Amino acid sequence: MIKALSVLRAGAPLEPVRINRREPGPAEITVDVAYAGICHSDLHMARNDWGYSTYPTVLGHEVTGFVSAVGTKVTAHTIGDRVAVGMLLGSCGTCPSCRAGQEQYCTGGGGAPADAGGFSERMVVGQDFALSLPSTLDMAAAAPLMCAGITMFSALREWDAGPGVRVAIVGLGGLGHLGVKLAVAMGAQVSVLSRSQERERDARRFGATGFHTVPDAPAGAFDLIISTVSAVTDLAPMFTLLDVNGTLVMAGAPTTPLSVPVGPLITGRRRLAGTSIGSLREAREMLDFCATHGIAAEAEIINADQMGTAFARLDAADVRYRLVLDAASL
Ligand code: NAP
Ligand code: ZN
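Notes on the structure follow. Within each chain, residue numbers correspond to sequence positions counted from 1 in written order. Both sets of labels track the order of writing: A upward for chains, 1 upward for ligands. For a predicted model such as this one, the threshold for reporting local features is a pLDDT of at least 70, and the threshold for listing and counting side-chain atom pairs is 80 or more; totals across whole chains, interfaces and linings nevertheless cover every residue. By convention in this description, side-chain values take in all heavy atoms of the structure and omit both hydrogens and water.

Once that is clear, we can look at the pattern of salt bridges. Whenever Lys or Arg places a side-chain nitrogen within 4 Å of a carboxyl oxygen from Asp or Glu, that contact is recorded as a salt bridge. Counting across every chain of the model gives 17 salt bridges. A salt bridge links Arg-47 to Asp-315, with the nearest nitrogen and oxygen atoms 3.2 Å apart. Taken together, the residues Arg-47 in the loop between helix 1 (40-46) and strand 4 (63-70) and Asp-315 in helix 10 (residues 310-315) connect sequence positions 268 residues apart. We call a residue buried when its accessible area falls under 20% of the maximum for its residue type, exposed when it is over 50%, and partly exposed in between, using a 1.4 Å probe and counting protein chains only. Given the relative accessible area of 32%, Arg-47 is considered partly exposed. Among the ionic contacts, a cluster of salt bridges with common partners joins Glu-198, Asp-202, Arg-205, Glu-298 and Arg-320. A run of H or I in DSSP counts as a helix once it spans at least four residues, and a run of E counts as a strand once it spans at least two, with each numbered from the N terminus.

Moving on, we get to the site of ligand 1. A cutoff of 4 Å decides nearness: a residue is near a molecule or strand if any of its heavy atoms lies inside that distance of it. Ligand 1 sits among 28 residues. The nearest are His-40, Ser-41, Leu-172, Ser-194 and Arg-322. For this analysis, a polar contact is any N or O atom pair within 3.5 Å, provided that within protein one partner can donate a hydrogen and the other can accept it, and provided that sequence-adjacent residues contribute only side-chain to side-chain pairs. Backbone polar atom of Ala-251 to a nitrogen atom of ligand 1: 3.0 Å apart, as the coordinates give it. Those elements that provide at least two residues to the shell around ligand 1 are helix 1 and helix 5 (174-185). Take the shell around ligand 1: its biggest share by element is three residues, from helix 1. Class assignment of the residues belonging to the shell around ligand 1 gives a composition of eleven nonpolar, 14 polar and three charged. When residues are sorted by character, Ala, Val, Leu, Ile, Met, Phe, Trp, Tyr, Cys and Pro go into the nonpolar class, Asp, Glu, Lys and Arg into the charged class, and all the rest, Gly among them, into the polar class.

A word on the packing of helix 4 (residues 148-158) against helix 5. Fitted lines through C-alpha atoms serve as axes, helices being fitted only where they are in contact, and the angles separating the N-to-C directions of these axes extend from 0 to 180 degrees. The interhelical angle for the contact between helix 4 and helix 5, taken along N-to-C directions, is 50°, at an axis separation of 8 Å. Considering their axes alone, helix 4 and helix 5 lie oblique with respect to each other. The way helix 4 lies across helix 5 gives a crossing that is right-handed. Across the interface between the two elements, Ala-148, Gly-149, Thr-151, Met-152, Phe-153 and Leu-156 of helix 4 pack against Gly-174, Leu-175, Leu-178, Gly-179, Leu-182 and Ala-183 of helix 5. Grouping the constituent residues of the contact of helix 4 with helix 5 by class yields eight nonpolar, four polar and no charged. Working definition: roughly parallel below 35 degrees, roughly antiparallel above 145 degrees, roughly perpendicular at 65 to 115 degrees, and oblique for all remaining angles. The sense of a crossing depends on the near helix, which, turned anticlockwise from the far helix by less than a right angle, makes the crossing left-handed and, turned clockwise, makes it right-handed. The criterion used for residue contact is that any of the two residues' heavy atoms lie within 4.5 Å.

This paragraph deals with the coordination of the zinc ion (ligand 2). Coordination partners: N, O, S within 2.8 Å of the metal, 3.2 Å for Na, K and Ca; water not considered, so apparent gaps in a site are possible. Every protein donor of the zinc ion (ligand 2) is listed here as Cys-39 (SG), His-61 (NE2) and Cys-147 (SG), and their distances to the metal cover 2.0 to 2.2 Å. Counting gaps between the donor residues of the zinc ion (ligand 2) yields the pattern C-x21-H-x85-C. With Cys-39 in the loop between strand 3 (28-37) and helix 1 and His-61 in the loop between helix 1 and strand 4, this pair connects stretches of sequence that are 22 residues apart. For Cys-39, a relative accessible area of 3% corresponds to the buried category.

Moving on to the nonpolar core. We define the nonpolar core as a collection of buried residues of types Ala, Val, Leu, Ile, Met, Phe, Trp, Tyr and Cys that are connected through side-chain atoms lying within 4.5 Å of one another. Counting residues in each nonpolar core, the largest one holds 55 residues, and the members touching the most others are Leu-156, Ile-226 and Leu-287. Of all the secondary-structure elements, those providing two or more residues to this core are strand 3, helix 3 (139-142), helix 4, strand 8 (166-170), helix 5, strand 9 (189-194), strand 11 (222-227) and helix 9 (280-293). Non-local contacts of Leu-287, meaning those with residues more than four positions away in its chain, are made with Ala-84, Leu-131, Ser-132, Leu-133, Pro-134, Leu-137, Leu-145 and Met-146. Within the second largest apolar cluster, 32 residues are counted, among which are Val-33, Phe-119, Met-123 and Phe-311.

Two strands pair when backbone bridges link them, and strand 11 and strand 12 (residues 242-250) are joined in this way by five bridges, in the parallel orientation. Bridge pairing links Phe-222 to Leu-242 in strand 12. When the strands point away from the viewer, a crossover counts as right-handed if the route from the first strand across the helix to the second turns clockwise. Since strand 11 and strand 12 lie parallel, the crossover through helix 7 (residues 236-241) that links them has a hand, and here it is right-handed. Strand pairing is defined by DSSP finding a minimum of two bridges between the two strands. Summarising the sheet, strand 12 and strand 13 (residues 271-274) pair through four bridges and their orientation is parallel. Pairing of Thr-247 across the sheet is with Arg-271, part of strand 13.

Below, the discussion takes up the side chain of Arg-199. Positionally, Arg-199 belongs in the loop between strand 9 and helix 6 (200-205). Just so you know, the count uses Lys and Arg for positive and Asp and Glu for negative, and it drops His and the chain ends. Despite its burial, Arg-199 pairs with no opposite charge; the closest candidate is Glu-198, at 4.7 Å N-O. Within the structure, Arg-199 has its side chain in polar contact with the backbone oxygen of Leu-172 (distance 2.7 Å). A polar atom in the side chain of Arg-199 sits 2.7 Å from the backbone oxygen of Ala-317.

Moving on, we get to the environment of Val-244. Within the fold, Val-244 resides in strand 12. In this structure, the C-alpha to C-alpha distance between Val-244 and Phe-222, residues 22 residues apart in sequence, is 9.0 Å. Other than its neighbours up to four places away in sequence, Val-244 contacts Gly-268 and Arg-270.

To continue, consider the packing of helix 4 against helix 9. The interhelical angle for the contact between helix 4 and helix 9, taken along N-to-C directions, is 100°, at an axis separation of 10 Å. Compared by their axis directions, helix 4 and helix 9 come out roughly perpendicular. Here helix 4 contributes Gly-149, Ile-150, Phe-153, Ser-154 and Arg-157 to the contact with helix 9, which in turn contributes Glu-282, Ala-283, Glu-285, Met-286 and Phe-289. Classifying every residue of the contact of helix 4 with helix 9 by side-chain character gives five nonpolar, two polar and three charged.

Structure, rendered in structure tokens:
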């Protein structure tokens, strides 16, 4: 039995509970959670925004911790190792996506289930889904790299962010602030599109050279726009900000359909795309990239007794820029 924070029904607050964690199977490890970032997806799941939550549920998918037990066939980790675990906890290994090293797009049913959820003292995960954490990365600030970081890294890499590419990140929250740091380190020319001027100073501190509210942003100025906005917003202005052949990538996952103006797609051969976290290979690359470039989240470390207000603060965009649970406080 271990301590955890659980959501007992849709919209209910996080509650302290005791739950069972099984012993690790032959190819699994037990991770003693040190820190768990609080992603807006946790809030969507706690409210059943996407309609597929089940309860009770222990959320938390941006985890760093220490290996405390290993199964008999584990070769990738030893007890005491510092590891990082994200959203990706299983994959079938045989579908075309898995064979292409894109496990996040597994179509084969996901593989063996983990006994996970980072808002807890301990989790049991497949050895392949826990990554070694580079020694220079701080455990609290690195936890958000495992969802917010990898999501932005994968999209930036997929759409070739680098020198000469004009990137705009929409929404300066958990994903957004890491997206800015990563895109800047990749050599891209980076702007932030935000709802107000309030976060301009922070955006520039993260390395952005441009900052605009959406209505004031220059038309045709970007090759790649990545939206991290969690709420329903009007997409129409985004397309006018893209240059010809530009792409708008949806990382943020609002809960109701958005309407898409087709005219600017046609007249500028613009594209609309989505993106989901990143593969295991990309996540390893991302951690090394962050270690090399000194990139991590701006983490506000909170205790279990502050988790009650964490979702309300996320909902109100009152977080700069990632809340991270100190699991020792459970
Ligand atoms: P977050 O920290 O709450 O940041 C979201 C940002 O969106 C806010 O900081 C705010 O930026 C902007 N925003 C919020 N409400 C808005 C509104 N009503 N209108 C316009 N802008 C608004 O959230 P996050 O953890 O970064 O997650 C963002 C979204 O990405 C969520 O929907 C989450 O589920 C999704 N997500 C997707 C993936 C994936 O794989 N695709 C992975 C992780 C998360 P400004 O204050 O700068 O305007
Ligand atoms: Zn997430």
